[in-house]
Amino acid sequence: MPILPPVERLKEEFGLAEGARLLVGLSGGPDSLAVTHALRAAGFALRPVHFDHQLRPESSEEQQRVATLAADMGLDLVTGRGPVAAHAEVEQLSIEEAARILRYRFLFTEAAGRGADAVVVAHNADDQAETVLMHLLRGAGLDGLSGMAPRSLPNPWSDSIPLVRPLLYTSRDAIEAYCQAHDLQPIQDPSNEDVGFFRNRLRHELLPLLADYNPQAKAHLAQSARILAADQDLLEALTDTAWSQVLLARDMNYLQFDRLALRDQPLALQGRLLRRAHAVLRPASREGSDFAAVERALDLLDQAFSAPQDWLDNLFILSEGAAFWVADWQAELPRPWPQAPKDALAFEVPGALDLGGWQLTATEVPAEAAGLDNPDAFQAWLDADLAGAELLVRRRQPGDRFQPLGLDGSQKLADVFINEKQPQRARDAWPLVCKGQDILWVPGFRSAHAYRLRPDSRQALHLRLQQASANRVE
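Bear in mind the structure is a predicted one, so any value in this text is a computation, not a measurement. (Residues numbered from 1 in each chain as written. Predicted model: local features only at pLDDT ≥ 70, side-chain atom pairs only at ≥ 80, totals over all residues. Heavy atoms only, no water.)

Chemist: Can you break down the nonpolar core residue by residue, with the values?
Modeler: The nonpolar side chains of soluble globular proteins are, as a tendency, buried together. Phe 347, Leu 360, Leu 391, Trp 430, Val 442, Leu 461 and Leu 463 are the most contacted members of the largest nonpolar core, which totals 33 residues. Looking at this core, the elements that each hand over two or more residues are strand 14 (358-366), strand 15 (379-383), helix 14 (384-387), strand 16 (390-394), helix 15 (413-419), strand 19 (432-435), strand 20 (438-441) and strand 21 (459-467). With near-sequence residues (within four places) excluded, Phe 347 lies in contact with Ala 352, Leu 353, Leu 360, Thr 361, Ala 362, Ala 389, Glu 390, Leu 391, Val 393 and Leu 463. Membership of the second largest hydrophobic core comes to 32 residues, among which are Phe 44, Leu 46, Leu 69 and Val 164. (Core = buried A, V, L, I, M, F, W, Y, C linked by side-chain atoms within 4.5 Å. Buried < 20%, exposed > 50% of the residue type's maximum accessible area, 1.4 Å probe, protein only. Helix = DSSP H or I, 4+ residues; strand = E, 2+ residues; numbered from the N terminus. Contact = heavy atoms within 4.5 Å.)

Chemist: So, unusual backbone geometry: which residues are in play, and what are the values?
Modeler: In most cases, non-glycine residues show a negative phi, while peptide bonds are predominantly trans. A cis amide bond links Leu 153 with the next residue in sequence, Pro 154, at an omega value of -5°. Counting through the fold element by element, Pro 154 comes out in the loop between strand 5 (151-152) and strand 6 (163-164). Val 349 connects to Pro 350 through a cis peptide bond whose omega is -5°. The backbone of Gln 92 sits at a positive phi, close to 55°, despite the residue not being glycine. Structurally, Gln 92 is set in the loop between helix 4 (84-91) and helix 5 (95-113).

Chemist: Report on the environment of Leu 453, specifying residues and quantitative values.
Modeler: Residue position: Leu 453 is located in the loop between strand 20 and strand 21. Along the chain, Leu 453 and Trp 381 lie 72 residues apart, while their C-alpha atoms are 7.0 Å from each other.

Chemist: Give me the lowdown on the sheet that holds strand 14, citing residues and values where you can.
Modeler: Read from one edge to the other, the open sheet built from 4 strands follows the order 13-14-21-15, with strand pairing classed as antiparallel. In this open sheet, the two strands that pair with only one neighbour each are strand 13 (351-354) and strand 15. Between one strand axis and the next, the sheet turns through 20° on average, direction left out of account. In the sheet, strand 15 pairs with strand 21 via 5 bridges, with the strands oriented antiparallel. By the bridge assignment, Ala 380 is partnered in strand 21 with Leu 463. (Pairing = 2+ DSSP bridges. Axes fitted to C-alpha atoms, helices over the stretch in contact; angles between N-to-C directions.)

Chemist: How would you summarise the sheet that holds strand 20 if you had to cite specific residues and measurements?
Modeler: Spatial strand order, 12-16-19-20: 4 strands in an open sheet with antiparallel pairing. Two strands close off the open sheet at either side, each with one partner strand: strand 12 (345-348) and strand 20. Strand after strand, the sheet turns through a mean of 45° between neighbouring axes, direction not considered. Summarising the sheet, strand 19 and strand 20 pair through 3 bridges and their orientation is antiparallel. Following the sheet pairing, Lys 435 is matched in strand 20 by Asp 438.

Chemist: How would you sum up the packing of helix 10 (residues 217-246) against helix 12 (residues 267-281)? Please name residues and give values.
Modeler: Two numbers describe how helix 10 lies on helix 12: the axes approach to 10 Å, and their chain directions differ by 75°. Compared by their axis directions, helix 10 and helix 12 come out roughly perpendicular. Residue-level inspection shows Gln 232, Leu 235, Glu 236, Leu 238, Thr 239, Asp 240, Ala 242, Trp 243 and Val 246 of helix 10 in contact with helix 12, the latter providing Leu 269, Arg 272, Leu 273, Arg 276, Ala 277 and Val 280. Among the residues forming the contact of helix 10 with helix 12, the class breakdown is 9 nonpolar, 2 polar and 4 charged. (Parallel < 35°, antiparallel > 145°, perpendicular 65-115°, else oblique. Nonpolar A, V, L, I, M, F, W, Y, C, P; charged D, E, K, R; others polar.)

Chemist: So what's going on with the packing of aromatic side chains? Residues and values would help.
Modeler: Inspection of every chain in the model, using the stated rule, returns 11 aromatic pairs. Note on Phe 108 and Trp 157: the rings are 5.9 Å apart at their centroids and 15° apart in plane angle, and the pair reads as stacked. One end of the pair, Phe 108, is in helix 5; the other, Trp 157, is in the loop between strand 5 and strand 6, with 49 residues separating them in the sequence. Among the aromatic residues, those joined into a cluster by ring pairs are Trp 358, Phe 378, Phe 417, Trp 430 and Phe 445. Over the ring of Trp 243 we find Arg 276, and its NZ or CZ is 5.5 Å from the ring centre. It is Arg 425 that lies over the ring of Trp 325; its NZ or CZ is 5.6 Å from the centre. (Phe/Tyr/Trp six-rings, centres within 6.5 Å; stacked < 30°, edge-to-face > 60°. Lys NZ or Arg CZ within 6 Å of the ring centre and 35° of its normal.)

What follows is the structure, encoded as structure tokens:
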């Protein structure tokens, strides 16, 4: 009785072509033993791997028994071990989660070192039903309700080695029958009976109860996962397209999005894009489908400016004008705006000043040649005689006040920045063009009313701030 899908499906759906070198997780239980035996019989090149979680005194002895099972199939077992309980305590994880992380980390490290084409695990249709039910009870969208994929690439452990589950459509009953038919003697793990673990409670208590309502409950849950997985594939393709449209920049510690382009995506895609952002920056985490976290990020998309807000897994989210950031708290985000150095710089007219990728220029022209109709906030026209030839470029200082052109009375510079919705990160080092202590011009915003051009002005001072690359047109 076959338990593997037909050869063509193994190749097309699972990516297991003839001759593939497979690293197989072999716990010694019925599922892993059966898939190892079946893949061996199908002619695949196998390397079984066993990971000792060190949770039970007899685990070392069991590892030796697993090595014997592998040898009976003509295979050499690769072994590893890790202190799961200690890892769970340090990282504040459940024992189940800590075991999963250390086990998969070891599997993929071995796979990479041995040049394996795929890592194979033995999840079956019953496991799929349990997974879907777990996600349903915890609250999940399509990602969670579609369960485990037959082939995952990229996955939390590798961008190049797929995680494959050839038994995902095979029931546990069929697997146990296969073991009996081939006289396989699996090792029974007593921890699988411990209802202190959430999955075991579902397996031994809830699913039997559901079977009273519908004897096919497990099969129908697994079937629903397959149906939803097909819808998931379509949405994933749409997400790929949207991702390329909204992502502006990425680094190992941050992602920068076009805020409006992200906000204008259909709601379903907005959520998927945010979950993908989390997965990209925290590939080993399982919190990406957290509904409340996604909702907080969606709410922030509607705000043009915000303070950084804690999000998930030591990541923060930030709205900053046209940009929306998802970043690690330790990330140094780019500053796509001019910034003045810590010490003030003298600036003579006419002249030019380099401000780290931005260039400030000052020229004098007859007043009648001034561009009075000026839509560009990064250039200003002032009375040259009032401004003088000795200017200063500096950062803001406590108590700075400024009277913007056309307004009555002065304002605190801090209030000007707030009213103009200046990003918080840009304020402290924003360049100010000054005469002594007087602020003549706040680039990007307004020039000073007291230094404006008047009908009797003779000479105009033209100030312009632009990115240095914009000057290299020739």
